[in-house]
Amino acid sequence: MLQLLSLTLAYDDTRFFGSVMFTDSNHPHDKPAVVLIDHVDESPWFRVTNVDPTAQDPTVPAMVEADRIMRFLLRYTPERIGRTAADFPQP
């Protein structure tokens, strides 16, 4: 089970970047999973990239959780990147 260890985002008027780190409570001595977050100019307005080159599959738990966190944040603060709520439709 993943637990959020760290979330860092830096914004300017229209862009952002950052990273998310997770620990695995089932494997507490393993290195944390780190996912990088970058701004892109098309929906969903961000890209996630796993630092581990063997874990780029979007179904990897750290990638899924980073995507979920970013969709949540951007749904409620779209103006931080020059967007509106209409850019983030509710599922």
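Residues numbered from 1 in each chain as written. Predicted model: local features only at pLDDT ≥ 70, side-chain atom pairs only at ≥ 80, totals over all residues. Heavy atoms only, no water.

(A) Main features of the nonpolar core. Residues Phe16, Ile37, Phe46, Val48 and Leu74 are the most contacted members of the largest nonpolar core, which totals 16 residues. Elements supplying a minimum of two residues to this core: β2 (16-24), β3 (33-39), β4 (46-50) and α1 (61-76). Residues contacting Leu74, with those up to four places away along its chain left out, are Phe16, Pro44, Phe46, Ile81 and Phe88. (Core = buried A, V, L, I, M, F, W, Y, C linked by side-chain atoms within 4.5 Å. Buried < 20%, exposed > 50% of the residue type's maximum accessible area, 1.4 Å probe, protein only. Helix = DSSP H or I, 4+ residues; strand = E, 2+ residues; numbered from the N terminus. Contact = heavy atoms within 4.5 Å.)

(B) Layout of the environment of Pro44. In this structure, Pro44 sits in the loop between β3 and β4. Between the C-alpha atom of Pro44 and that of Asp87, which follows or precedes it by 43 residues, the distance is 8.2 Å.

(C) Highlighting the pairing of β4. Here β4 shows a buried face lined by Phe46, Val48 and Asn50 and an unburied face lined by Arg47 and Thr49. Pairing geometry for β3 and β4, over five bridges, is antiparallel. Among the inter-strand pairings, Asp38 is bridged to a residue of β4, identified as Arg47. Hairpin connection of β3 to β4: six residues between the antiparallel strands, including Trp45 at a positive phi of 80°. (Pairing = 2+ DSSP bridges.)

(D) Fine view of the pattern of salt bridges. One pass over the full model with this rule turns up two salt bridges. The salt bridge involving Glu65 is made with Arg68; its shortest N-O contact spans 2.5 Å. In this pair, Glu65 and Arg68 are both assigned in helix α1, three residues apart and thus about one turn of the helix distant. Residues Asp67 and Arg71 are paired through a salt bridge, measuring 2.7 Å at the closest nitrogen-oxygen approach. Taken together, the residues span about one helical turn, with Asp67 and Arg71 both in helix α1 at a distance of four residues. (Salt bridge = Lys/Arg side-chain N within 4 Å of Asp/Glu carboxyl O.)

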